[in-house]
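Results of the structural survey
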Amino acid sequence: MAKRGDYFGLGYIVSLILAIFFITSWICGAVTRFMEGKIVAGLLRLILGWNIIWLIDLILMIVSKHILRLINI
């Protein structure tokens, strides 16, 4: 079975493509954190997710197939 990516349980390739594009990575990262029940983490992604977090997410998605989970609140 194919390894799952981090956005909405989609496949790794689809999640990687979504992570490459800035706007989809920003929106999907925030929505994913809100869906996990992490309100503060989702709000921080909305406010700060357009800069270095996007780059870190992209690198981590390629290497570990997961987005950055810096804060779990």
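Refer to the structure printed above.
Small disclaimer: the values here were computed from a predicted structure and weren't measured.

1. Let's talk about the side chain of T32
- The residue T32 is located in helix α2 (residues 22–35) in this model.
- Looking at T32, the relative accessible area reads 5%, which means it is buried.
- Setting aside residues up to four positions removed in sequence, T32 forms contacts with D6, Y7, F8, I67 and R69.

2. Here we look at the packing of aromatic side chains
- Per the counting criterion, the structure on display carries two aromatic pairs.
- Centroid distance F22 to W26: 6.3 Å. Interplanar angle 5°. Geometry classified as stacked. Within this pair, F22 and its partner W26 are both found in helix α2, separated by four residues, close to a single helical turn.
- Classification of W26 as partly exposed rests on a relative accessible area of 25%.
- With centroids separated by 6.3 Å and ring planes inclined at 90°, the aromatic side chains of F22 and W54 adopt a geometry described as edge-to-face. In this pair, F22 is assigned in helix α2 and W54 in helix α4 (residues 52–64), connecting sequence segments 32 residues apart.
- Assessed through its relative accessible area of 35%, F22 is described here as partly exposed.
- Judged by relative accessible area, which is 22%, W54 ranks as partly exposed.

3. Brief notes about the nonpolar core
- Ranked by size, the top nonpolar core spans eight residues in total: Y7, Y12, L16, A19, C28, L58, M61 and I67.
- If you list the elements that add at least two residues to this core, you get α1 (12–20) and α4.
- Considering every element that reaches this core, the biggest residue donor is α1, with three residues.

Calculation rules
Residues numbered from 1 in each chain as written. Predicted model: local features only at pLDDT ≥ 70, side-chain atom pairs only at ≥ 80, totals over all residues. Heavy atoms only, no water. Helix = DSSP H or I, 4+ residues; strand = E, 2+ residues; numbered from the N terminus. Buried < 20%, exposed > 50% of the residue type's maximum accessible area, 1.4 Å probe, protein only. Contact = heavy atoms within 4.5 Å. Phe/Tyr/Trp six-rings, centres within 6.5 Å; stacked < 30°, edge-to-face > 60°. Core = buried A, V, L, I, M, F, W, Y, C linked by side-chain atoms within 4.5 Å.

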